[in-house]
Amino acid sequence: MTNQEYLEDLFGMRGQTAVVIGGAGALGLSLSTGLGKAGAKVVVADVREEACVEAVKKLEAEGIEAIWSLVDVVSKESLAELRDKAVAWGGKVDILVNCAGINVGNSFLEVDADQWDKILAVNLKGTMLACQTFIASMLQTGGGSILNIGSVNSDKPLSRVFAYAASKAGVVNLTQNIAQEFATRGIRCNAICPGFFPAEQNRKLLDAKRVENIMNGTPMRRYGDPAELIGAALLLLSRKAGSYITGSALYVDGGFTCSWF
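Let me begin by describing the structure that accompanies this report. (Residues numbered from 1 in each chain as written. Predicted model: local features only at pLDDT ≥ 70, side-chain atom pairs only at ≥ 80, totals over all residues. Heavy atoms only, no water.)

### Observations concerning the pattern of salt bridges
Move 1: All chains considered together, the criterion is met by nine salt bridges.
Move 2: One salt bridge in this structure joins Glu-62 and Lys-37, with 2.8 Å as the shortest N-O distance. In this pair, Glu-62 is assigned in the loop between helix H3 (49–61) and strand S3 (66–70) and Lys-37 in helix H2 (residues 26–37), connecting sequence segments 25 residues apart.
Move 3: Here Glu-62 falls in the partly exposed class, since its relative accessible area comes to 43%.
Move 4: A salt bridge links Arg-48 to Asp-46; the shortest N-O distance between them is 3.1 Å.
Move 5: Here Arg-48 falls in the partly exposed class, since its relative accessible area comes to 36%.
Move 6: Given the relative accessible area of 6%, Asp-46 is considered buried.
Move 7: One continuous salt-bridge network, built from bridges that share partners, spans Lys-92, Asp-94 and Arg-239. (Salt bridge = Lys/Arg side-chain N within 4 Å of Asp/Glu carboxyl O. Helix = DSSP H or I, 4+ residues; strand = E, 2+ residues; numbered from the N terminus. Buried < 20%, exposed > 50% of the residue type's maximum accessible area, 1.4 Å probe, protein only.)

Below, the structure written as structure tokens:
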């Protein structure tokens, strides 16, 4: 076995089908690209049709086999339709990545109850429903691997994003509970907790002063690049390299969570 073959065997996804929910966003598309480059067939699922179409075009331009599907993560029926479409196309679903998420910035006394409910519904309930839907299928086909997206705010508080932080703390706890329940049934569940990446929702919430404060609290003093999540994802999702990893939350944050600033 050559060195290249060894790495492909260790981290490769050839022959697997991956569903990336929220796959048309900046982080989701980067993860879709990484999975596709590692050999997986990719289903890009998102709530925005035009963004889905564009995402698949980009993946196909990279030589990745991909399709898209609309999904509403707070609807069990919509998630079941996505699962059925993915299974019909790929034969089974081996990998689920939950990237869908929304955020609103407010001081605590300004937090609107309806906004709170919507953020918790999409970020936490949506992740739970997606895991339920796809685990039921994975149990029938020999197992699979799930990657949820937490946040540096899963562990470390940051002002003005109270609902988002609560939802992402819940995502990590949910990940651990799923990992524990299905550890002997062929299903692993882990989380990546990104730091500050130039995603659309971050740009809307962060003014210049806030960016300066965050960068001062980030030892690497810069935003992350979405491509810098791919290595962590391949490790956690791979059948061989990640075979003994479940219930973990891997922080990819430029050192933010270890900063005393």
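### Some points on the packing of aromatic side chains
Move 1: Following the criterion strictly, the structure yields two aromatic pairs and no others.
Move 2: Between Phe-108 and Phe-162, the aromatic rings sit 5.2 Å apart at their centres with planes inclined by 75 degrees, giving edge-to-face as the arrangement. You can see Phe-108 sitting in the loop between strand S4 (95–98) and helix H5 (113–138) and its partner Phe-162 sitting in helix H6 (residues 162–182), a full 54 residues away along the chain.
Move 3: By relative accessible area, Phe-162 is classed as partly exposed at 30%.
Move 4: Ring geometry for Phe-196 against Phe-256: centres 5.1 Å apart, planes inclined by 75 degrees, an arrangement best described as edge-to-face. With Phe-196 in the loop between strand S6 (187–194) and helix H7 (200–205) and Phe-256 in the segment after strand S7 (249–252), the pair connects residues that are 60 residues apart, well separated along the chain. (Phe/Tyr/Trp six-rings, centres within 6.5 Å; stacked < 30°, edge-to-face > 60°.)

### Observations concerning the nonpolar core
Move 1: Counting 34 residues, the largest nonpolar core has Met-13, Leu-35, Val-42, Val-44, Val-97, Ile-192 and Leu-237 as its most contacted members.
Move 2: Elements supplying a minimum of two residues to this core: strand S1 (17–21), H2, strand S2 (41–46), H3, S4, strand S5 (144–149) and helix H9 (230–237).
Move 3: The dominant element in this core, judged by the number of residues it contributes, is H9, at six residues.
Move 4: Not counting residues up to four positions away in its chain, the partners in contact with Leu-35 are Met-13, Ala-18, Val-20, Ala-40, Val-42, Ile-95, Val-97, Leu-234 and Leu-237.
Move 5: Grouped together as the second largest cluster of nonpolar side chains are 27 residues, Val-43, Ile-67, Ile-146 and Ala-179 included. (Core = buried A, V, L, I, M, F, W, Y, C linked by side-chain atoms within 4.5 Å. Contact = heavy atoms within 4.5 Å.)

### Remarks on the state of the cysteines
Move 1: Summed over the entire model, instances satisfying the criterion amount to zero disulfides.
Move 2: Lacking any disulfide linkage, Cys-193 is separated from the closest cysteine sulfur, that of Cys-189, by 12 Å.
Move 3: Counting only cysteine sulfurs, Cys-193 is the nearest neighbor of Cys-258, a cysteine outside any disulfide, at a range of 14 Å. (Disulfide = S-S within 2.5 Å.)

### Describing a nonpolar patch on the surface
Move 1: Residues Phe-108, Leu-109, Trp-116 and Phe-162 make up a contiguous nonpolar surface patch of roughly 460 Å² in combined accessible area.
Move 2: Along the chain, Trp-116 turns up in helix H5. (Patch = residues over 30% accessible without salt bridge, like charges linked within 9 Å, V, L, I, M, F, W, Y side chains within 5 Å. Areas by Shrake-Rupley, 256 points an atom, 1.4 Å probe, with all protein chains shown as cover.)

### What to know about the sheet that holds S1
Move 1: The strand order across the open sheet built from seven strands is S3-S2-S1-S4-S5-S6-S7, with neighbouring strands paired in parallel fashion. In this open sheet, the two strands that pair with only one neighbour each are S3 and S7. The average angle at which neighbouring strand axes cross in this sheet is 20 degrees, direction not considered.
Move 2: As paired strands, S6 and S7 are joined by four bridges and run parallel to one another. (Pairing = 2+ DSSP bridges. Axes fitted to C-alpha atoms, helices over the stretch in contact; angles between N-to-C directions.)

### What to know about the pairing of S4
Move 1: Every second residue of S4 is oriented toward a common face, with Ile-95 and Val-97 on one face and Leu-96 and Asn-98 on the other, all of them buried.
Move 2: The pairing of S1 with S4 spans four bridges and is parallel. For Val-20, the partnering residue across the bridge sits in S4 and is Val-97.
Move 3: When S4 meets S5, the two strands line up parallel, connected through four bridges.

### A few points about H3
Move 1: The end-to-end C-alpha separation of H3 is 19 Å, in line with the 18 Å expected for 13 residues at 1.5 Å each.
Move 2: Contacts from the buried residues of H3 go to H2, S2 and S3.
Move 3: Positioned one or two residues after H3, Gly-63 has a phi angle of 80 degrees, which is positive. (Expected span 1.5 Å × (residues − 1).)

### Structural notes on the environment of Ser-78
Move 1: Tracing the chain through its elements places Ser-78 in helix H4 (residues 76–90).
Move 2: Taking relative accessible area as the criterion, Ser-78 reaches 14% and is therefore assigned buried.
Move 3: Each C-alpha atom, one on Ser-78 and one on Ala-130, is 9.8 Å from the other, the two residues being 52 residues apart in sequence.
Move 4: Those residues within four positions of Ser-78 in sequence are excluded, and the remaining contacts are Leu-70, Val-71 and Asp-72.

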